[in-house]
Amino acid sequence: MEQLHGVAEVRERVAQWRHEGHTIGLVPTMGNLHDGHLSLVREARRHCDRVVVSIFVNPTQFGPGEDFDAYPRTLDADAARLREAGVEVLFAPTVEAMYPLGANRTWVDVDALGDYLCGADRPGHFRGVATVVSKLFNIVQPDVAVFGEKDFQQLAILRRMAAELLFPIRLIGAPTAREADGLAMSSRNGFLTETERARAPLLQQHLQDARRAVEQGERDYRALEKRIAVSLAEHGFDVDYVTVANATTLAPAASEDRELVIAAAARLGRPRLIDNLTLSLPAA
Ligand SMILES: Nc1ncnc2c1ncn2[C@@H]1O[C@H](COP(=O)(O)OP(=O)(O)OP(=O)(O)O)[C@@H](O)[C@H]1O
Ligand SMILES: CC(C)(CO)[C@@H](O)C(=O)[O-]
Ligand code: BAL
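Owing to the predicted nature of the structure, the values given are computational and were not obtained by experimental measurement.

Let us look at the packing of helix H6 (residues 125–140) against helix H7 (residues 152–164). Where H6 meets H7, the closest approach of the two axes is 10 Å, and the angle between their N-to-C directions is 50°. Our classification of the angle between H6 and H7 gives oblique. The crossing of H6 and H7 is right-handed. Contacts between H6 and H7 involve Phe126, Val129, Ala130 and Val133 on the former and, on the latter, Gln154, Ile157, Leu158 and Met161. Taken together, the residues that form the contact of H6 with H7 break down as seven nonpolar, one polar and no charged.

See the structure below:
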């Protein structure tokens, strides 16, 4: 596995691969890799014969007071895992490489989809994500890019961005990898204390309770969201949101919507955890 830090080096390697007739998959990450990330690598491998994983803790998607400085940076351990997984290139750029003119003035901002869920609590977050992913797409120019469904809103925004900006890249969503007790894997789980870690699967369990209620006919989604949020708070979560949303628009679901996503974000001690479930209701 090659470890590249410069934009020009990556472009050169990709040009060589193209010349040799290879297909290229990209898996963008912020590092501190876990089995969820490796499942994205395996998915990329299913579609392409050359895989690039990027590791970049992108400053423009963190708001003031968020954990940019504290975000775990474990490049050597990550590189070892990727080498073992058979990845061809690890692209780990510096901030200067990704933002060559300093403070960024060119932004990719996807309207509307960013207004809900995490977008409401993290203003500017998805603008930072869409901008940096555009830069990565521009550098690597992959055939396929793989993202996790754990970040459901991110995936929806990036799909829209790729379609509207005419990136000739197929975006693939990969299912959320979970610990044995159902907790969605996340780099930030490492910040949980032992007691918090034992409680953390309750987030997923509450989403399953909500899904069961909807399957059994509950259509007062606002009341359901409130019930779930109150119960999470009683279990020690500091809830940002619990939302039953339209899976396409991400707006709060109406009773006639059929494709739903039930999503939540809540702080448990230090980290903010997110999770979601999707649900298709039969035509009314
Ligand atoms: N449990 C998981 N299963 C599948 N994909 C995941 C999982 N966790 C993260 N991903 C995906 O990996 C990619 C990189 O995410 P990232 O590096 O932010 O990891 P993370 O563990 O989500 O970190 P954090 O939650 O602390 O931001 C994203 O596409 C994300 O959706
Ligand atoms: C897609 C991404 C790598 C962009 O920085 C990040 O938002 C993430 O890790 O999900
Ligand atoms: N996986 C989401 C990236 C972030 O929380 O900034």
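Additional details are given in the paragraphs that follow.
This paragraph deals with the sheet that holds strand S8 (residues 259–267). Taking strand neighbours across the sheet as the criterion, the three strands line up as S7-S8-S9 in an open arrangement whose pairing is antiparallel. Only two strands of the sheet have a single neighbouring strand rather than two, namely strand S7 (238–246) and strand S9 (272–280). Neighbour-to-neighbour, the strand axes of this sheet turn through a mean angle of 10°, independent of strand direction. Relative to S9, S8 runs antiparallel, the two sharing nine bridges. Note on S9: the bridge partner recorded for glutamate 259 is serine 280. Packed onto the sheet, helix H9 (residues 202–215) meets S7, S8 and S9 and runs at close to 25° relative to S9. In the packing of helix H10 (residues 221–234) onto the sheet, the strands contacted are S7 and S8, and the crossing angle to S7 comes to about 155°.

As a further point, take the environment of alanine 184. As for its position among the elements, alanine 184 is in the loop between strand S6 (170–174) and helix H8 (194–199). Alanine 184 gets classed as buried once you count the C-beta atoms within 10 Å, which come to 22. When the C-alpha atoms of alanine 184 and isoleucine 274 are compared, they prove to be 8.1 Å apart, with 90 residues separating the residues in sequence. Those residues in contact with alanine 184 that lie beyond four places of it in its chain are Lys150, Thr176, Arg178, Gln204 and Asp275.

Moving on, we come to the site of ligand 2. If you check the shell around ligand 2, you find Pro28, Thr29, Met30, Asn58, Gln61, Val129, Val132, Val133, Asp151 and Gln154 and nothing else. At the level of secondary structure, the elements contributing two or more residues to the shell around ligand 2 comprise strand S2 (24–29) and H6. Among the elements that make up the shell around ligand 2, the one with the highest residue count is H6 (three residues). Here the shell around ligand 2 is composed, by residue class, of five nonpolar, four polar and one charged.

Taken together, 18 residues lie around ligand 1, and Gly36, Gly148, Met185, Ser186 and Arg188 are the ones closest in. Put simply, the parts of the chain that give the shell around ligand 1 at least two residues each are helix H2 (35–47) and strand S5 (144–148). The greatest single-element share of the shell around ligand 1, amounting to four residues, is contributed by H2. For the shell around ligand 1, the per-class residue count stands at seven nonpolar, eight polar and three charged.

This part is about the pairing of S2. The buried fraction of S2 amounts to six of the six residues, a majority that puts the element mostly inside the structure. Residues of S2 alternate between two faces, with Ile24, Leu26 and Pro28 on one and Gly25, Val27 and Thr29 on the opposite face, all of them buried. As paired elements, S2 and strand S3 (residues 50–55) share six bridges and run parallel to each other. Pairing of isoleucine 24 across the sheet is with arginine 50, part of S3. With H2 bridging S2 and the parallel S3, this β-α-β connection has right-handed handedness. Sheet analysis places S2 next to S5, joined by two bridges and oriented parallel. Looking at the pairing, glycine 25 lines up with valine 144 of S5.

Conventions used here
- Residues numbered from 1 in each chain as written.
- Chains lettered and ligands numbered in written order.
- Predicted model: local features only at pLDDT ≥ 70, side-chain atom pairs only at ≥ 80, totals over all residues.
- Axes fitted to C-alpha atoms, helices over the stretch in contact; angles between N-to-C directions.
- Helix = DSSP H or I, 4+ residues; strand = E, 2+ residues; numbered from the N terminus.
- Parallel < 35°, antiparallel > 145°, perpendicular 65-115°, else oblique.
- Left-handed = near helix turned anticlockwise from the far one by under 90°.
- Contact = placed C-beta atoms within 7 Å.
- Nonpolar A, V, L, I, M, F, W, Y, C, P; charged D, E, K, R; others polar.
- Pairing = 2+ DSSP bridges.
- Buried ≥ 20, exposed ≤ 12 C-beta atoms within 10 Å, placed from the backbone.
- Near = placed C-beta within 6 Å.
- Right-handed = clockwise from strand over helix to strand, strands pointing away.

Geometric values such as these leave the question of function open.
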